[in-house]
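Chain by chain, the residues run as shown.
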Amino acid sequence: MKKYFVIAMCCITMMFSACTKPEEPVNEQFLGNYSGKLVTRSTITFPWNDSESDISDMDLTMNIVAGNENNTIVANCTAYGQNFAMNGTIDNGTITFAPATITAAASEILNAALLNIIPNLSNIADASVTLTFDYTGTLLHDNLLNKDYLQLDGKTNGNLTVKIIGVPVTCPITGTSIGRVNRQ
């Protein structure tokens, strides 16, 4: 009788342990190196007028690694010559990135046509742009190129700080960005 009891307990234990699947990380599908281009359409509010323009195309590289949880990632990025990290949470196949901020020289970020709009700019080397990226990313597959890519969409906001006749002036930037980075 004891023998049957031990066998029954072993069977029950095996049955319950077989039902419990280990939680699979949802972040694994996003891991890897990506590169591509985003287009930013923004409005810069100057004290003398509003000017809507493409700030510039942004070349973006990302190395996405697993985060501390199964549904989190860390994207180590480079854009406009600046290195920064964006933490992301995955839900239903979409990454929601926490906002990340960079500061760079205006000449690195603003296109030449837009720089010509700024009159009396005493020294372009002193002009800087601070941008905050607030993006979501969806992993998609391009059948034609047979490549996975991350479709990025979101907001790019910040400030342009210039010196006009020696006086620093801050001009707010509000805009949207969209583009894709291909998995390498």
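Small disclaimer: the values here were computed from a predicted structure and weren't measured.

Chemist: Please clarify how the packing of aromatic side chains should be interpreted in this entry.
Modeler: Two aromatic rings are characterised by how far apart their centres lie and by the angle between their planes. Tallying each qualifying case throughout the model produces two aromatic pairs. By the ring-pair criterion, three or more aromatic residues cluster together here, those being F84, F133 and Y135. When the ring centre of Y149 is taken as origin, the NZ or CZ atom of R180, which lies over that ring, is 3.7 Å away.

Chemist: Sorry if this is basic, but what is going on with the side chain of S177 here?
Modeler: Topologically, S177 is positioned in strand β9 (residues 167-183). Among the residues examined, S177 registers a relative accessible area of 1% and is labelled buried. One polar contact links S177 to T40, side chain to side chain, over a distance of 2.9 Å. Separated by 3.5 Å, the side chains of S177 and Y135 make a polar contact. When residues no more than four places from it in sequence are discounted, the contact partners of S177 are L38, V39, T40, Y135, L152, D153, G154 and T156.

Chemist: I'm lost on the pairing of strand β5 (residues 94-97) in this one. Help?
Modeler: Both faces of the sheet carry side chains from a regular strand, because those side chains alternate between them. Burial along β5 is one-sided: I95 and F97 are buried, and none of T94 and T96, which face the opposite way, are. Inspection of the sheet shows strand β4 (residues 82-91) paired to β5 by four bridges, in the antiparallel sense. Within β5, the residue paired with T89 across the bridge is T96. Between the antiparallel neighbours β4 and β5 lie two residues, among them N92 with a positive phi of about 55 degrees. Sheet topology places β5 next to strand β7 (residues 128-142); three bridges connect them, and they run antiparallel. Following the sheet pairing, T94 is matched in β7 by T138.

Chemist: Is there a simple way to think about the pattern of salt bridges in this case?
Modeler: Charged atoms that come close allow side chains of opposite charge to pair. Tallied over the entire structure, the rule returns three salt bridges. The salt bridge involving K37 is made with D59; its shortest N-O contact spans 2.7 Å. Here K37 is found in strand β1 (residues 32-45), whereas its partner D59 is found in strand β2 (residues 50-66), with 22 residues between them in sequence. Residue class for K37 comes out partly exposed when judged on its relative accessible area of 42%. The salt bridge involving D142 is made with R180; its shortest N-O contact spans 3.1 Å. One end of the pair, D142, is in strand β7; the other, R180, is in strand β9, with 38 residues separating them in the sequence.

Chemist: In this structure, what is going on with the nonpolar core? I would like to understand it.
Modeler: Residues L60, M62, M86, F97, L150 and L160 are the most contacted members of the largest nonpolar core, which totals 39 residues. If you tally residues by element for this core, the top one is strand β8 (residues 147-164), at five residues. Each residue touching L150, except ones within four places of it in the same chain, is listed here: F30, Y34, M62, I64, I95, F97, G137, T138, L139, G179, R180 and V181.

Chemist: Can you help me understand unusual backbone geometry in this one?
Modeler: Trans is the prevailing form of peptide bonds, just as negative phi is the prevailing case for residues other than glycine. Look at N92: it is not a glycine, yet its phi comes out positive at around 55 degrees. One can find N92 in the loop between β4 and β5. According to the relative accessible area criterion, N92 is exposed, its value standing at 74%. Not every positive phi belongs to a glycine, and N146 is a case in point at roughly 55 degrees.

Calculation rules
- Residues numbered from 1 in each chain as written.
- Predicted model: local features only at pLDDT ≥ 70, side-chain atom pairs only at ≥ 80, totals over all residues.
- Heavy atoms only, no water.
- Phe/Tyr/Trp six-rings, centres within 6.5 Å; stacked < 30°, edge-to-face > 60°.
- Lys NZ or Arg CZ within 6 Å of the ring centre and 35° of its normal.
- Helix = DSSP H or I, 4+ residues; strand = E, 2+ residues; numbered from the N terminus.
- Buried < 20%, exposed > 50% of the residue type's maximum accessible area, 1.4 Å probe, protein only.
- Polar contact = N/O pair within 3.5 Å; in protein donor to acceptor, adjacent residues only side chain to side chain.
- Contact = heavy atoms within 4.5 Å.
- Pairing = 2+ DSSP bridges.
- Salt bridge = Lys/Arg side-chain N within 4 Å of Asp/Glu carboxyl O.
- Core = buried A, V, L, I, M, F, W, Y, C linked by side-chain atoms within 4.5 Å.

Without other data, these values stay purely geometric and don't point to any function.
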